[in-house]
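Per-entry structural report
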Amino acid sequence: FDAHRGIVWMIQYHPSRPLVATSGDDGMVKLWDAESLELLQEWNAHSSVRKIAFSPDGSRIVAGDRDGVIHIWKIDSGRPMAEITQPGSILSVDWSPDGRLIASVGSDKLVRVWDAETLEPRQTLHGHAGPIYNVAFAPSGTLMATSGWGKEIHIWDTATGSEAKTLKG
C-alpha cells in the first residue's frame with residue numbers, strides 16, 4: 001500500500017487500540033486502521049518527519065520535523081493542540097511515561113524537554129558534541145537516554161536535568 005511519497009521514516013503502534021501511525025519525507029503524518037490499512041486521519045507537517053510518538057494514553061501524537069517544528073495533534077478529532085519551533089532539524093521525539101513531558105533532539109546538539117500540554121520549555125540539556133539522533137524516556141520516567149554523533153549514549157536524570165552516565169563507543 002502507498003503510505004507516503006518517498007521515504008517512510010517511522011511507524012508507531014498505538015498503545016491500546018488497533019491503530020498505527022506513519023511519518024515520511026513528504027511531511028505527512030498518517031493514522032491507519034492496523035487491520036484494514038484504511039487511512040483514518042492525516043496531518044501535514046510541511047517538512048520531513050523522522051519521528052512520531054503517541055502519548056501514553058493514546059489521545060495525542062507528537063511529531064518533530066526537519067524545519068524544527070514540534071507538532072501535537074489529537075488523534076480522534078485531528079485537531080492541532082500545540083506547535084513550537086526550535087533551532088535546527090528535529091530527528092527524534094518521545095513522550096514521558098506519565099504524559100507530562102515531551103523530549104526533542106536533533107541537529108543543534110541539545111536535548112530539549114517541554115511541557116506536553118503547552119510546549120513551554122522545561123529543560124535544555126547539553127553534553128553531545130554533534131547531532132542527536134534518538135531520545136527515549138525510561139519506563140520509570142526518572143531517566144532519559146539520548147544517542148548521537150560520536151558513538152555516545154547519554155543517560156539523563158529527568159528530575160534534575162543532570163547527566164547520570166555517558167557510554168562511549
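Everything discussed here concerns the structure shown above.
Cut-offs and rules
- Residues numbered from 1 in each chain as written.
- Predicted model: local features only at pLDDT ≥ 70, side-chain atom pairs only at ≥ 80, totals over all residues.
- Heavy atoms only, no water.
- Pairing = 2+ DSSP bridges.
- Helix = DSSP H or I, 4+ residues; strand = E, 2+ residues; numbered from the N terminus.
- Axes fitted to C-alpha atoms, helices over the stretch in contact; angles between N-to-C directions.
- Polar contact = N/O pair within 3.5 Å; in protein donor to acceptor, adjacent residues only side chain to side chain.
- Contact = heavy atoms within 4.5 Å.
- Phe/Tyr/Trp six-rings, centres within 6.5 Å; stacked < 30°, edge-to-face > 60°.
- Buried < 20%, exposed > 50% of the residue type's maximum accessible area, 1.4 Å probe, protein only.
- Lys NZ or Arg CZ within 6 Å of the ring centre and 35° of its normal.

**Some points on the sheet that holds strand 1 (residues 8-13)**
Paired through backbone hydrogen bonds, the strands of a sheet run either parallel or antiparallel to each other. Taken in spatial order, the 4 strands of this open sheet run 1-2-3-4, and their pairing is antiparallel. The outermost strands of the open sheet, each flanked by one partner alone, are strand 1 and strand 4 (39-44). Sheet twist, expressed as the average angle between the axes of neighbouring strands with direction ignored, equals 15°. When strand 2 (residues 19-24) meets strand 3 (residues 28-33), the two strands line up antiparallel, connected through 5 bridges. Note on strand 3: the bridge partner recorded for threonine 22 is lysine 30.

**Brief notes about the side chain of arginine 60**
Relative to the helices and strands, arginine 60 resides in strand 6 (residues 60-65). Within polar-contact distance, the side chain of arginine 60 engages the side chain of glutamate 117 at 3.0 Å. Ignoring anything within four residues of it in the chain, the contact list for arginine 60 reads Ala53, Phe54, Ser55, Ile72, Trp73, Lys74, Ile75, Met81, Trp95, Gly99, Ala116 and Glu117.

**Focus on the sheet that holds strand 11 (residues 110-115)**
Here we have 4 strands laid out as an open sheet, ordered 9-10-11-12, and antiparallel in their pairing. Looking at the sheet topology across the chains shown, the edges are occupied by strand 9 (90-95) and strand 12 (121-126). Taking each pair of neighbouring strands and ignoring which way they run, the sheet shows an average axis angle of 20°. Judged from the 5 bridges that link them, strand 11 and strand 12 form a sheet pairing that is antiparallel. Directly across from leucine 110, in strand 12, lies its bridge partner histidine 126.

**Overview of the packing of aromatic side chains**
A full pass over the atoms with the stated rule returns 1 aromatic pair. With a centroid separation of 5.2 Å and 10° between ring planes, the pair formed by tryptophan 43 and tryptophan 73 is classed as stacked. Of this pair, tryptophan 43 sits in strand 4 while tryptophan 73 is found in strand 7 (residues 69-74), placing the two residues 30 residues apart along the sequence. In terms of burial, tryptophan 43 and tryptophan 73 fall into one category: buried. The aromatic ring of tryptophan 9 is capped on one face by arginine 50, whose charged end is 3.9 Å from the ring centroid.

**A look at the pairing of strand 7**
Burial analysis of strand 7 places 5 of its 6 residues in the buried class, which makes it a mostly covered element. In the sheet, strand 6 pairs with strand 7 via 5 bridges, with the strands oriented antiparallel. When the bridges of strand 7 are listed, alanine 63 appears paired with histidine 71. Linking strand 6 to strand 7, which pair antiparallel, is a turn of 3 residues; within it glycine 68 sits at a positive phi near 85°. Bridging between strand 7 and strand 8 (residues 80-85) involves 5 bridges; their strand directions are antiparallel. Considered in strand 8, the bridge of isoleucine 70 is made with isoleucine 84. Here strand 7 folds back onto strand 8, and the loop between the two strands holds 5 residues, one of which, glycine 78, carries a positive phi near 80°.

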